[in-house]
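# Remarks on the overall topology
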Amino acid sequence: MSATIAAGVITPPSIEYSQLCPMLLVFGLAVAGVLVEAFVPRQARRGIHLVLTLGGLAAAFVLTIVVASSKSLFRDHAAGHVAAMGAVAVDRPTLFIQGTILVLAFVSVLLIAESSHDVSSFAAQAAAIPGSAEEREGLLAGITHTEVYPLTMFAVGGMLLFPAANDLLTMFVALEVLSLPLYLLCGLARRRRLLSQEAAMKYFLLGAFSSAFFLFGIALLYGFAGSVRLSAIAAAASSDTGSTTLLLAGLALVGLGLLFKIGAVPFHGWKPDVYQGAPTPVTALMASCTVVSAFGALLRVFYVAFGQLTWDWRPAMWTIAILTMVAGALIAITQTDVKRLLAYSSIAHAGFILTGVIAATAAGLSASLFYLAAYGFTTIGAFAVVTLVRDPAGEAAHLSQWAGLGKRSPLVAGVFAFFLLAFAGIPLTSGFTGKFAVFQAAVAGGAVPLVIVGVLSSAIAAFFYVRVIVLMFFSDPAPDAPSVVTPSVFTSAAVVLGVVATVVLGVVPQPLLGLASHAASQLFVR
Amino acid sequence: MTTVAATGVQHAAWLMLAFPLFGAVVLLLGGRRTDRWGHLLGVAAPLAAFGYGLACFFALLSYPAAGRSRDLHLFSWIPVGGFRVSIGMLMDPLSLSFVLLITGVGSLIHIYSVGYMAHDTDRRRFFGYLNLFIAAMLLLVLSDNYLGLYVGWEGVGLASYLLIGFWQFKPTAAVAAKKAFIANRVGDAGLSLAIMLMFATFGTVNFSGVFARAHEAGPGVMAALGLLLLLGACGKSAQLPLQSWLLDAMEGPTPVSALIHAATMVTAGVYLIVRSNVIFDLSSTARLGVQVVGAVTLLFGGIIACAKDDIKKSLAGSTMSQIGYMFLAAGLGPAGYGLAIGLLLAHGFFKANLFLGAGSVMHGMDDEVNMRRYGGLARLMPVTAATFGLAYLAIIGIPGFSGFFTKDPIIEAAFSKGGVSGALLGTAALIGAGLTAFYMTRMVLMTFFGKRRWEDQAAAAAAGAGQEGEAEAPHQQPHPHESPQVMLWPMILLAIGSVGAGAFLATGDRLVNFLAPVTRTPAAPPGIVGPYGLGALGLALVAVAAAWWMYGRREVPAVAPAGGVLVVAARKDLYGDAFNESVLMRPGQWLTRLSVYFDNRGVDGLVNTFAATVGGASGRLRKVQTGFVRSYALAMFFGAALLVGALLLVRL
């Protein structure tokens with residue numbers, strides 16, 4: 001890029017539209033969503049948005065499959081193609097991640113689209129001061145925030161680009177594109193708006209903080225390699241020229257930016273607060289799609305740019321993985337809020353996936369890919385159940401309110417218990433298969449101590465999952481116990497998809513495992 | 001001998017298993033609804049299996065001797081990777097001989113039980129268990145691989161447990177059932193280890209596969225395999241050192257004793273050894289183990305049987321002793337396998353007959369089992385006495401009866417093994433013959449002849465009750481009577497078998513030649529009546545005279561006299577239980593207590609401490625989550641500093 005500018009001649013960039021069409025479609029529909037907000041009357045907006053968003057995500061998924069099955073892309077055993085003048089990589093792991101994100105985003109949007117008056121999670125007017133007369137008017141008028149759909153689409157577009165970015169600048173842009181809409185979405189909760197706005201604020205501040213680190217890391221790496229292209233950094237690192245201090249400090253800071261997004265300890269502080277405060281459907285979106293996307297980017301950076309430096313980053317990453325697993329599982333034990341509990345659980349799971357990442361092999365990559373897909377479905381399902389258990393003030397988030405749920409609503413409690421068992425990694429659930437896959441890859445990669453810590457953390461984690469199950473089934477309900485609302489078809493579909501995916505990936509994981517290992521067989525394109 | 005796929009009537013041989021299994025399922029799941037006709041179904045099931053077994057048997061006879069091995073593949077069990085076990089049924093002379101014994105004698109015992117259990121409210125359940133036993137036993141002998149055999153093996157163990165403890169309201173019965181189960185577990189562990197070792201060595205557990213590759217394994221493996229199989233056989237067949245359960249197992253209803261603890265289940269060990277003859281032929285160590293176990297147990301059981309006053313326990317000791325003969329024969333190798341099976345089949349008849357006779361006596365004597373309270377019953381129970389007498393003549397080996405044709409050749413074969421060991425084994429077998437004659441004569445004399453001691457007993461008891469007052473119900477004098485027809489006819493049929501089976505099986509070495517394709521017995525085994533056979537007969541006659549001298553000529557005291565050291569020891573099962581108690585049970589209890597202590601203090605302490613630590617750490621760590629962005633940012637900042645520092649440090 002810099003070369004062409006220096007020459008003073010601007011050649012039109014060549015864009016492989018056919019290979020990038022899924023992302024382009026999502027971005028295009030996001031822009032179209034903004035136009036809908038601007039020009040379509042309020043009553044008609046929701047319907048149009050639903051068609052655009054759900055249809056667009058489904059279409060983008062189909063296009064991803066078409067791209068993934070195109071013969072020309074992988075001709076002569078090519079790992080893939082670097083499109084858009086070297087800015088975007090199109091290869092099998094990326095397509096797998098993008099497909100996963102699209103499916104999970106589709107399910108999340110089902111939750112976001114829940115509109116029955118009781119369950120809708122979004123404020124009528126974000127700008128209205130909590131508790132003001134303005135807010136009450138908006139609620140009474142039945143206004144809902146339809147901006148969430150284009151915002152979601154922008155975020156999803158950013159998530160698709162983030163793991164595909166082949167240079168660090170593109171990656172940074174994608175990071176911001178995915179983060180900014182999420183900051184907004186976090187502050188849109190209908191109930192407990194102060195908490196929600198606080199969460200959005202925290203997320204924004206800390207996100208900006210980490211972005212600064214990320215950007216600084218990019219600068220250091222550019223200083224080292226003279227390029228922001230991942231392959232160029234890798235080449236420079238292996239040629240052993242330049243300052244290793246620049247390289248390693250850059251690695252650390254870029255890594256920090258990515259680890260922040262997945263919520264690894266000690267960069268996890270935002271996660272419980274934001275997961276708790278954000279509207280639950282947005283939490284589901286973040287816990288599934290954002291994590292998948294961030295892991296995709298992390299995998300690409302560490303496998304492509306720093307693939308030669310495994311001996312340098314492994315000790316630090318080991319430490320972080322151990323801290324993440326242990327701290328996530330430990331702190332979760334004393335949580336009393338369901339969403340915070342799931343947030344810490346998400347932190348612990350990030351640690352488990354990190355063990356697969358650290359293996360730095362094709363097996364580690366494929367195990368991580370499988371784990372991400374399996375975990376995404378389960379976590380969306382769990383958050384979907386959380387939206388259903390409500391008291392007059394909104395969602396009944398405090399664990400004590402869940403006591404005895406199994407006696408009043410055995411089906412809902414049973415489904416939630418099933419998701420918890422999947423988180424705990426009980427056999428015949430996808431959680432077991434995923435954990436088995438990453439631990440196996442880690443053992444094969446020589447990380448036996450890491451796996452031992454992982455298994456012990458799983459044991460600790462199992463305690464608090466089972467504790468919730470015991471609470472639901474073996475305690476008596478409180479007199480002011482929350483009720484379980486009857487979900488509309490959207491939430492039901494999300495729950496059912498979560499259950500089905502968790503069962504199927506636990507009982508017959510082979511097709512998806514095969515797909516993941518096929519996707520990972522040639523690693524990333526350089 | 002090559003095995004061919006089963007055709008014709010044998011193609012549906014699974015029906016043999018299905019009949020009793022169906023009976024068991026219907027009777028056990030049908031509940032009280034089936035009470036009225038349950039016993040009829042229970043009898044029909046083994047009869048149908050017997051009929052089908054006969055058909056299969058004659059189909060087998062129609063094949064040439066070399067082709068009498070038919071396999072029926074049923075299904076493949078969990079084909080995973082290299083683990084492939086095809087579940088199937090093997091029909092050859094050995095398995096079908098057992099099928100006919102199990103279903104034939106079993107059917108007679110079922111019929112007998114209709115009368116014996118007529119007054120029991122749980123008769124249907126009893127028949128359900130009996131059918132379950134028959135099904136499991138048939139699976140044991142018909143399976144074409146060790147895994148299927150093991151399933152049947154466990155199945156008969158379960159059925160035996162349920163049947164011994166059938167009157168579970170009696171604590172002794174419940175304890176006896178547990179004891180039988182636990183003693184059998186020890187043996188089962190041996191069998192399961194043997195199967196695992198087989199799979200590890202040969203990669204298969206099918207009979208044909210294991211036997212075809214047996215010669216490839218080293219002598220150590222073969223010895224281990226043989227001894228583990230022997231351990232399994234000892235458990236099921238109540239041989240030393242796992243003999244202790246059989247005597248207690250007499251707590252079960254008498255037909256159970258006849259069916260399980262005389263005719264069929266306890267012979268499973270013999271079946272296992274004869275079936276695994278290829279393995280034992282390759283290991284003289286294992287063979288020696290079998291011989292020693294057999295010789296010692298035959299003496300052990302015989303001595304116990306001499307001292308017991310309980311008629312069933314005496315018969316139980318006799319069973320141990322007779323199975324000891326079978327083990328001894330089986331341990332002799334190809335020359336002995338056929339003889340072992342011959343005695344086994346003959347024994348199935350006469351021992352079942354003896355047990356049913358004992359049951360008939362008990363039936364008439366208000367369930368009294370102490371022979372010292374019998375006496376003079378021959379006149380009151382003529383059919384029982386006659387059939388019992390025929391079986392008696394058979395077991396002590398009077399020429400013309402079946403014991404003579406089947407047991408004496410074993411004694412001959414033991415001597416003809418030669419060397420010191422042959423002489424020792426032969427002598428043991430010879431002494432055993434004398435013991436057999438002694439305790440059986442004693443039993444017959446005490447039960448059917450002499451003074452009617454039950455009359456005195458009742459009078460004494462009535463007098464005692466009268467002195468203590470009217471509160472206690474007056475002790476009724478038993479009214480011995482002949483049992484109903486439904487109990488007599490099975491005994492009569494079995495008596496015919498007791499008389500004729502031996503001659504039928506032994507004439508012209510019919511059975512030995514029939515089994516030869518399986519046992520690979522060389523032609524021309526030792527003749528029937530040799531010098532040692534005559535010696536055994538002479539010894540038996542001396543023993544009969546001695547028993548008459550002690551129990552026929554003199555009056556039998558109603559209370560057992562003190563007796564010498566040996567008598568006391570024999571009454572206490574030769575301290576088998578005391579040995580188990582002091583060597584196994586007490587150390588086991590100490591070990592248990594120690595483990596419990598360790599579990600409470602060590603493991604639980606560790607776990608609880610760990611849990612408390614984890615909980616405390618969690619409580620402390622969550623305080624880090626203050627909710628202030630500034631502290632999170634600070635954590636990130638320090639994290640970043642550490643990360644950079646750590647990465648740079650690695651390169652230093």
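What you see is a predicted model; the values in this text were computed from it and never measured. (Residues numbered from 1 in each chain as written. Chains lettered and ligands numbered in written order. Predicted model: local features only at pLDDT ≥ 70, side-chain atom pairs only at ≥ 80, totals over all residues. Heavy atoms only, no water.)

### Structural notes on the overall build of chain A
- Assigned secondary structure in chain A consists of 21 helices and five strands.
- By the burial criterion, 62% of the 526 residues in chain A qualify as buried.
- For chain A, the proportion of contacts with a sequence separation of at least 24, taken over those separated by at least 6, is 80%.
- Carbon and sulfur atoms make up 71% of the accessible area of chain A, which totals about 18,200 Å². (Helix = DSSP H or I, 4+ residues; strand = E, 2+ residues; numbered from the N terminus. Buried < 20%, exposed > 50% of the residue type's maximum accessible area, 1.4 Å probe, protein only. Contact = heavy atoms within 4.5 Å. Areas by Shrake-Rupley, 256 points an atom, 1.4 Å probe, with all protein chains shown as cover.)

### Some remarks on the overall build of chain B
- Along its length, chain B carries 25 helices and three strands.
- Going through the 652 residues of chain B one by one, you find that 56% of them count as buried.
- Of the roughly 25,700 Å² that chain B leaves accessible, carbon and sulfur atoms contribute 70%.

### Re the nonpolar core
- Of all hydrophobic cores here, the largest spans 196 residues; its most connected members are Leu 168, Phe 295, Phe 306, Leu 354 and Phe 416 of chain A.
- For this core, the leading source of residues is helix H12 (residues 280–305) of chain A, giving 18 residues.
- Setting aside anything within four residues of it in sequence, one finds Leu 354 of chain A in contact with Leu 259, Ile 262, Ala 264, Phe 295, Leu 298, Met 317, Ile 320, Ala 321 and Thr 324 of chain A.
- In terms of nonpolar packing, the next biggest core, distinct from the first, is built from 195 residues, Leu 27, Met 137, Val 274 and Ile 396 of chain B among them. (Core = buried A, V, L, I, M, F, W, Y, C linked by side-chain atoms within 4.5 Å.)

### Some thoughts on the packing of helix H3 (residues 93–116) of chain B against helix H21 (residues 510–519) of chain B
Residue and element names in this part refer to chain B.
- At a minimum axis separation of 8 Å, H3 and H21 run at an interaxial angle of 130°. With respect to H21, the element H3 is oriented oblique. Residues Pro 93, Leu 94 and Ser 97 of H3 form the contact with H21, whose own contacting residues are Phe 514, Leu 515 and Val 518. (Axes fitted to C-alpha atoms, helices over the stretch in contact; angles between N-to-C directions. Parallel < 35°, antiparallel > 145°, perpendicular 65-115°, else oblique.)

### Considerations on the side chain of Ser 132 of chain A
Residues and elements named next belong to chain A.
- With respect to the helices and strands, Ser 132 occurs in the loop between helix H4 (92–112) and helix H5 (133–141).
- Residue Ser 132 is classed as buried on the basis of its relative accessible area, which comes to 18%.
- A distance of 2.7 Å separates a polar atom in the side chain of Ser 132 from the backbone oxygen of Ile 129. (Polar contact = N/O pair within 3.5 Å; in protein donor to acceptor, adjacent residues only side chain to side chain.)

### Looking at the pairing of strand S2 (residues 88–91) of chain A
Residues and elements named next belong to chain A.
- Here S2 shows a buried face lined by Val 88 and Val 90 and a second buried face lined by Ala 89 and Asp 91.
- By the bridge criterion, four bridges tie strand S1 (residues 80–83) to S2 in an arrangement that is antiparallel. In the sheet register, His 81 faces S2, and the bridge partner there is Val 90.
- The hairpin formed by S1 and S2 contains four residues between the paired strands, and Ala 84 there has a positive phi angle of roughly 55°. (Pairing = 2+ DSSP bridges.)

### Quick notes on the interface of chain B and chain A
- On the chain A side, the residues contacting the 24 residues of chain B number 38 residues.
- When chain B packs against chain A, close to 2,600 Å² is buried across both sides, 76% of that on carbon and sulfur atoms.
- Run the count over chain B and chain A and you get zero salt bridges.
- For the pair chain B and chain A, the interface holds seven residue pairs in polar contact (both at pLDDT 80 or more).
- Secondary structure elements with two or more residues in the side of chain B that touches chain A: helix H24 (576–622) and helix H25 (629–651) of chain B.
- Here the side of chain B that touches chain A gets 14 residues from one element, more than from any other, and that element is H25 of chain B.
- Here the residues of the side of chain B that touches chain A are counted per class, giving 16 nonpolar, six polar and two charged. (Buried area = accessible area lost by both parts, 1.4 Å probe. Salt bridge = Lys/Arg side-chain N within 4 Å of Asp/Glu carboxyl O. Nonpolar A, V, L, I, M, F, W, Y, C, P; charged D, E, K, R; others polar.)

### As for the side chain of Ser 95 of chain B
All names here are of chain B.
- Structurally, the position occupied by Ser 95 is in helix H3.
- Residue Ser 95 is classed as buried on the basis of its relative accessible area of 0%.
- In contact with Ser 95, other than residues within four places in its own chain, are Leu 90, Val 141, Leu 142 and Arg 275.

### Considerations on the confidence of the model for chain B
Residues and elements named next belong to chain B.
- Overall, the prediction assigns chain B a mean pLDDT of 84, with 94% of residues at 70 or greater.
- The low-confidence segment residues 468–474, where pLDDT is below 50, has zero contacts with residues more than four positions distant or belonging to other chains.
- This complex was scored by the predictor with a pTM of 0.65 and an ipTM of 0.90. (pLDDT = per-residue confidence, 0-100.)

### Describing the sheet that holds strand S3 (residues 389–391) of chain A
Residue and element names in this part refer to chain A.
- Here we have three strands laid out as an open sheet, ordered S4-S3-S5, and antiparallel in their pairing. Edge positions in the sheet fall to strand S4 (394–395) and strand S5 (483–484), since each has one partner strand and no second.
- As judged from the two bridges shared by S3 and S5, these two strands associate in the antiparallel manner. In the strand pairing of S5, Arg 390 is matched with Ser 483.

### Quick look at the packing of aromatic side chains
- This structure, assessed with the given rule, holds 34 aromatic pairs over all chains.
- When the centroid spacing of 5.4 Å and the interplanar angle of 40° are considered together, the rings of Phe 260 of chain A and Trp 270 of chain A count as tilted. In this pair, Phe 260 of chain A is assigned in helix H10 (residues 244–262) and Trp 270 of chain A in helix H11 (residues 270–277), connecting sequence segments ten residues apart. As far as the burial class goes, Phe 260 of chain A and Trp 270 of chain A line up, both buried.
- On the basis of an interplanar angle of 70° and a centroid distance of 5.0 Å, the ring pair of Phe 98 of chain B and Tyr 271 of chain B is categorised as edge-to-face. Here Phe 98 of chain B, found in helix H3, pairs with Tyr 271 of chain B, found in helix H11 (residues 268–275); they are 173 residues apart in sequence, far enough to count as distant.
- By relative accessible area, Tyr 271 of chain B is classed as buried at 0%.
- Through successive ring pairs, a cluster of aromatic residues spans Tyr 183, Tyr 203, Phe 204, Phe 260, Trp 270, Tyr 275 and Phe 383 of chain A.
- Taking NZ or CZ as reference, Arg 593 of chain B lies 5.1 Å from the ring centre of Trp 590 of chain B, over its face. (Phe/Tyr/Trp six-rings, centres within 6.5 Å; stacked < 30°, edge-to-face > 60°. Lys NZ or Arg CZ within 6 Å of the ring centre and 35° of its normal.)

### What about a nonpolar patch on the surface?
- Taken together, the side chains of Leu 428, Val 496, Val 500, Val 503, Val 504, Val 507 and Val 508 of chain A define a hydrophobic patch exposed on the protein surface, amounting to about 560 Å² of accessible area.
- Within the secondary structure, Val 508 of chain A sits in the loop between helix H20 (489–507) and helix H21 (510–520). (Patch = residues over 30% accessible without salt bridge, like charges linked within 9 Å, V, L, I, M, F, W, Y side chains within 5 Å.)

### Focus: the pattern of salt bridges
- Inspection of the entire model under this criterion finds 19 salt bridges over all chains.
- A salt bridge links Glu 37 of chain A to Arg 45 of chain A; the nearest nitrogen and oxygen atoms lie 3.4 Å apart. Residues Glu 37 of chain A and Arg 45 of chain A agree in their burial class; the two are buried.
- A salt bridge links Arg 32 of chain B to Asp 122 of chain B, with the nearest nitrogen and oxygen atoms 3.5 Å apart.

### Side note on the environment of Glu 555 of chain B
- Structurally, the position occupied by Glu 555 of chain B is in the loop between helix H22 (531–552) and helix H23 (565–571).
- Spatially, the C-alpha atoms of Glu 555 of chain B and Arg 453 of chain B are 9.7 Å apart, while their sequence positions differ by 102 residues.

### Observations regarding helix H10 (residues 254–263) of chain B
- For H10 of chain B, a buried count of ten out of ten residues is recorded, marking the element as mostly surrounded by other parts of the structure.
- Contacts from the buried residues of H10 of chain B go to H3, helix H4 (123–142), helix H5 (146–164), helix H9 (244–248), helix H14 (311–331) and helix H15 (334–364) of chain B.

### Quick notes on the environment of Ala 520 of chain A
Residues and elements named next belong to chain A.
- Here Ala 520 lies in helix H21.
- Sequence separation between Ala 520 and Phe 96 is 424 residues, and the spatial gap between their C-alpha atoms is 9.0 Å.
- Those residues in contact with Ala 520, other than ones at most four positions away along the chain, are Ala 362, Leu 365 and Ser 366.

### Let's talk about unusual backbone geometry
- A cis amide bond, omega 10°, links Val 265 of chain A with the succeeding residue Pro 266 of chain A.
- Its location among the elements puts Pro 266 of chain A in the loop between H10 and H11.
- Omega for the bond connecting Leu 240 of chain B with Pro 241 of chain B falls within 30 degrees of zero, at 5°, which places this linkage in the cis form.
- Relative to the elements of secondary structure, Pro 241 of chain B occurs in the loop between helix H8 (219–237) and H9.
- Even without glycine at this site, Arg 192 of chain A takes up a positive phi of about 45°.
- When you line up the elements, Arg 192 of chain A lands in the loop between helix H7 (168–186) and helix H8 (193–225).
- The phi dihedral of Ala 238 of chain B falls on the positive side, at around 55°, and the residue is not glycine.
- In this fold, Ala 238 of chain B is placed in the loop between H8 and H9.

### Describing the packing of helix H13 (residues 284–307) of chain B against helix H18 (residues 419–448) of chain B
Residue and element names in this part refer to chain B.
- As a packed pair, H13 and H18 sit with axes 9 Å apart at the nearest point and diverge in direction by 25°. By the angle between their axes, H13 is roughly parallel relative to H18. Considering the relative orientation of H13 and H18, their crossing is left-handed. In this structure, H13 uses Gln 291, Ala 295, Leu 298, Leu 299, Gly 302, Ile 303, Ala 305, Cys 306 and Ala 307 to contact H18, whose residues at the interface are Leu 425, Ala 428, Ala 429, Ile 431, Gly 432, Leu 435, Phe 438, Tyr 439 and Arg 442. (Left-handed = near helix turned anticlockwise from the far one by under 90°.)

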